[in-house]
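Inside the fold
Here is how the chains run, residue by residue.
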Protein chains: 2
Amino acid sequence: MSLVVSGSIGIDAVELPGGERRSDLLGGSCAYFAAAASFHCPVRIVAVAGEDFPEHHRKTLSHFRIDLDGLEIRKGKTFRWGGRYSGNLDQRETLFTELNLLGEAPARIPEAYKDSQYVFLANGPPALQLATLNHFPQRRLTVADTMDLWIRTARADLLKLLGKVDGLVLNYDEAELLTGKRNAVAAARHILEHGPRFVVVKKGEHGAILVHKEGIAALPAYPAEKVVDPTGAGDTFAGGMMGHLAAEGGRLHDPASFSSVRRAMAHGTVMASFTIEAFSLDRLKRLTKEELDARYHEFAEMLRME
Amino acid sequence: MSLVVSGSIGIDAVELPGGERRSDLLGGSCAYFAAAASFHCPVRIVAVAGEDFPEHHRKTLSHFRIDLDGLEIRKGKTFRWGGRYSGNLDQRETLFTELNLLGEAPARIPEAYKDSQYVFLANGPPALQLATLNHFPQRRLTVADTMDLWIRTARADLLKLLGKVDGLVLNYDEAELLTGKRNAVAAARHILEHGPRFVVVKKGEHGAILVHKEGIAALPAYPAEKVVDPTGAGDTFAGGMMGHLAAEGGRLHDPASFSSVRRAMAHGTVMASFTIEAFSLDRLKRLTKEELDARYHEFAEMLRME
């Protein structure tokens, strides 16, 4: 059940529809994913940050069951991202992206991580995701995330990556961009032809769709009334999902069966519903396992039909 | 379990994104609703059509368990509507609306309908919906639908209506328009303050949200890959839901409890998933109870978490 995630650690600035602004927030796909997954199992991270990375952000990460040996601190500046939300917090505009160290050599992967069985490749250049994969020869389940930038600029590498992973997680509009198909199920089914066993199409407040070689499922989002900041919802969804798959996988002959992934998605959904209740990792920092379990059972109950 | 629906019977013309066109289709909220509900219980309709209403459309309606005594045929022309779909069939533009008889005196309500216990007021002028209500003094459960037109032009009547119904069914953007709130749960909760016990917010391919005085639930749509024509999806969703509530209500002390409405919504969801597989009522006409039950069980299974 050794879970590793490679991706970004960053410092975010967020502007809300009402005009409220927050800066110097701990962010990045790797941070969000790992914090979420750590509720289900210990997590190893592979990421790079600069000497400017604040000590209190490191402290926040160490608050979770995250192995920080793979967080490489290097001379230079940490990745920074700023975004502005509008509408029902469902539209996001990127105000700036400073790649900084993220644009340089990838993070060193600790020798001790080589036996990782569960691997999540957070959003990044597909060529780097492919190279990262090779460091985990004992991998049992590998899932990748991607984004519009790579679909547009690195399609060939991305298609190659699809031949090497068990699952792909991406947004609805990205699935459409990748396949040219405007129906989520049709788009995901098309992606399966490139190799993965399953595709999870994330739809934000509208939930997610799973298209697996063994079946199709749709799940709603947890019906949230209070949304403060949706940043990290997708990454914590993936973290809750992978964390659950890794935690359960040891007991299972096949950790990525249709029914396993479907249930794991429900855990991801519930995790994301907490993330959006506050900025950055603020809500997950004070989230208890009891609260998490209670909402999961409420969610399961909400969907129980017979 | 006597269910009555008042609304429109019309003749539709539909244009699909690929350019395909169909005209002279049987349509109207009442037709769609009644056909769907009739899979669960007999349905009485209150609607008006003109002398131009084709005999084969009447035959289609009589194919279902629909009491046509309340379908008044009057001198004049039947309501006609034409629309064009674009994108992922999720955008609809109205090309023309010919109210014809729908703009004149409402349909006569047969004396024999007075004992109806379950009443659905399909989309129409709220003042007319209010007047219709008074014809059913024995009503046990009343649900209304509405649309942006009435929210804009007859808000006062609509708010009055909300004080007289148990439930309201409307689209996401309509809920936003009515309340000024951009979150589906917040908008629905606001509507509850005007009187109804529950609000169902329809989100098309993204499912529906129930905000009930006793709880909140979200359901996905059935993940459909093949969508031919989404016309009538919302009305057959409501028909499947109300038909199920009416069929089960006799056994229940409270036919509109949170858990009853939630389960009934799942029946509505499954019904809508068939409707969109063909034009007009074509799919429901050949739908068997076995197919319906099988998909309902598949849907319930898809959502079962423990």
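As shown above, the structure is provided for reference.
The notes below deal with the structure included here. Everything numeric here is computed off the predicted structure, so don't read it as measured data.

With that settled, consider the interface of chain A and chain B. If you look at the interface, chain A gives 33 residues, while chain B gives 33 residues. Both sides together, the interface formed by chain A and chain B hides about 3,200 Å², and carbon and sulfur atoms give 50% of it. By the criterion of area lost to chain B, the three top residues of chain A are E225(A), M305(A) and E306(A), representing 22% of everything that side buries. The tally of links from chain A across to chain B stands at two salt bridges. Here R189(B) ties to E225(A) by a salt bridge, and the two come within 2.6 Å at their closest N and O atoms. Where chain A meets chain B, there are 18 residue pairs in polar contact (both at pLDDT 80 or more).

Quick look at the relation of the copies chain A and chain B now. In the superposition of chain A on chain B (RMSD 0.0 Å, axial shift 0.0 Å), the rotation amounts to 180 degrees. Seen this way, the second copy is the image of the first under a two-fold rotation axis. Judged by C-alpha distance, P220(A) is the residue of chain A that lies nearest the rotation axis, at 2.5 Å.

Next up on the list: the pairing of strand β7 (residues 79–86) of chain A. Residue and element names in this part refer to chain A. The buried fraction of β7 amounts to six of the eight residues, a majority that puts the element mostly inside the structure. Pairing analysis gives six bridges linking strand β2 (residues 10–15) to β7, with the strands arranged parallel. Note on β7: the bridge partner recorded for I11 is R80. Of the pairings in the sheet, the one linking β7 to strand β8 (residues 91–98) comprises seven bridges and is antiparallel in character. Paired with G82 across the strands is F96, a residue of β8.

Residue and element names in this part refer to chain B. In space, the four strands of this open sheet follow the order β3-β2-β7-β8, with mixed pairing throughout. One side of each edge strand has no neighbouring strand; the edge strands of this open sheet are β3 (21–27) and β8 (91–98). For this sheet the average axis-to-axis angle between neighbouring strands, irrespective of direction, equals 25 degrees.

Turning next to the packing of helix α9 (residues 258–275) of chain A against helix α11 (residues 289–303) of chain A. Residue and element names in this part refer to chain A. It is at 10 Å that the axes of α9 and α11 come closest, and there the two elements cross at 120 degrees. It follows from the interaxial angle that α9 and α11 lie oblique. α9 and α11 meet at a crossing whose hand is right-handed. Across the interface between the two elements, R263, A266, H267, T269, V270, M271, S273 and F274 of α9 pack against E291, L292, R295, Y296 and F299 of α11. Within the contact of α9 with α11, the residues separate by chemical class into seven nonpolar, three polar and three charged.

Another point: the environment of S280(A). Residues and elements named next belong to chain A. Looking at the secondary structure, you find S280 in the loop between α9 and α10 (282–285). For S280, a relative accessible area of 7% corresponds to the buried category. The spacing of S280 and L25 is 255 residues in sequence and 6.0 Å in space, taken between C-alpha atoms. Not counting residues within four places of it along the chain, the set of residues in contact with S280 comprises L25, L26, Y32, D229 and T275. Within the structure, the side chain of S280 is placed 2.6 Å from the backbone oxygen of L26, a separation counted as a polar contact.

This part covers unusual backbone geometry. One can expect most non-glycine residues to show negative phi and most peptide bonds to be in trans. All names here are of chain B. Of note in this structure, D24 is not a glycine but carries a positive phi near 55 degrees. Relative to the assigned elements, D24 resides in strand β3. Not every positive phi belongs to a glycine, and N100 is a case in point at roughly 50 degrees. Mapped onto the elements, N100 comes out in the loop between β8 and β9 (118–121).

Here the structure, examined in full by the defined rule, presents 44 salt bridges over all chains. The partner of R74(A) in a salt bridge is E72(A), with the nearest N and O atoms 2.9 Å apart. Note on accessibility: R74(A) and E72(A) belong to one class, buried. Ionic pairing is found between E111(B) and K114(B), a salt bridge with its closest N-O pair at 3.9 Å. Overlapping salt bridges bring together E15(A), R21(A), R84(A) and E93(A) as one network.

For the rest of this paragraph, the subject is the sheet that holds strand β3 (residues 21–27) of chain A. All names here are of chain A. Strand order in this open sheet of four strands is β3-β2-β7-β8, and the pairing throughout is mixed. Only two strands of the sheet have a single partner each, and these edge strands are β3 and β8. Averaged over all pairs of adjacent strands, the angle between their axes in this sheet comes to 25 degrees, without regard to strand direction. Across the face of the sheet, helix α2 (residues 55–62) comes into contact with β2 and β3 while running at roughly 55 degrees to β3.

Now for empty space enclosed by the protein. In this approach a probe as big as a water molecule rolls over the atoms, and the regions it shows empty are the leftover space. Using the criterion set out here, one finds one cavity of 30 Å³ or more in the structure. The calculated volume of the largest cavity comes to roughly 40 Å³. Lining the largest cavity are L303(A), R304(A), M305(A), E306(A), A300(B), L303(B) and R304(B). Across the lining of the largest cavity, the residue classes break down as four nonpolar, no polar and three charged.

Each pair of packed helices can be summarised by the angle the axes make with each other and by the distance between the axes. Residue and element names in this part refer to chain A. One can describe the packing of helix α1 (residues 29–37) onto helix α8 (residues 233–249) by two numbers: an axis separation of 7 Å at closest approach and a directional angle of 40 degrees. Between α1 and α8, the angle falls in the class oblique. Helix-helix and strand crossings are classified by hand; for α1 and α8 the assignment is right-handed. Contact with α1, carried on its side by S29, Y32, F33, A36 and A37, involves D235, T236, A238, G239, G240, M242 and G243 of α8 and no other residues of that element. Tallied by class, residues from the contact of α1 with α8 come to six nonpolar, five polar and one charged.

The tally for this structure, following the rule as stated, stands at four aromatic pairs over all chains. Summarising the aromatic geometry, the rings of F33(B) and F120(B) are spaced 4.3 Å apart at their centres and angled 10 degrees between planes, so their arrangement reads as stacked. Here F33(B), found in helix α1 (residues 29–37), pairs with F120(B), found in strand β9; they are 87 residues apart in sequence, far enough to count as distant. Considered together, F33(B) and F120(B) belong to a single accessibility category, that of buried residues. The ring centre of F274(A) lies 3.8 Å from the NZ or CZ of R295(A), which sits over that ring.

Residue and element names in this part refer to chain A. Of the positions making up α2, those classed as buried are H57, T60 and L61. Down the axis, α2 shows its buried residues gathered within 95 degrees of arc, on one side only. In α2, the exposed residues that point more than 90 degrees away from the buried face are E55, H56 and K59. In this fold, the buried residues of α2 make contact with β2, β3, α1, β5 (66–67), β6 (71–74) and α10.

About the criteria used
Residues numbered from 1 in each chain as written. Chains lettered and ligands numbered in written order. Predicted model: local features only at pLDDT ≥ 70, side-chain atom pairs only at ≥ 80, totals over all residues. Heavy atoms only, no water. Contact = heavy atoms within 4.5 Å. Buried area = accessible area lost by both parts, 1.4 Å probe. Salt bridge = Lys/Arg side-chain N within 4 Å of Asp/Glu carboxyl O. Polar contact = N/O pair within 3.5 Å; in protein donor to acceptor, adjacent residues only side chain to side chain. Least-squares fit on C-alpha atoms with pLDDT ≥ 70 in both. Buried < 20%, exposed > 50% of the residue type's maximum accessible area, 1.4 Å probe, protein only. Helix = DSSP H or I, 4+ residues; strand = E, 2+ residues; numbered from the N terminus. Pairing = 2+ DSSP bridges. Axes fitted to C-alpha atoms, helices over the stretch in contact; angles between N-to-C directions. Parallel < 35°, antiparallel > 145°, perpendicular 65-115°, else oblique. Left-handed = near helix turned anticlockwise from the far one by under 90°. Nonpolar A, V, L, I, M, F, W, Y, C, P; charged D, E, K, R; others polar. 1 Å grid on protein atoms, 1.4 Å probe; cavity = no way out; pocket = protein on both sides within 12 Å on 5 of 7 lines; lining within 4 Å. Points joined across faces, edges and corners; volume = space filled by probe spheres on them. Phe/Tyr/Trp six-rings, centres within 6.5 Å; stacked < 30°, edge-to-face > 60°. Lys NZ or Arg CZ within 6 Å of the ring centre and 35° of its normal. Arc of directions from axis to C-beta.

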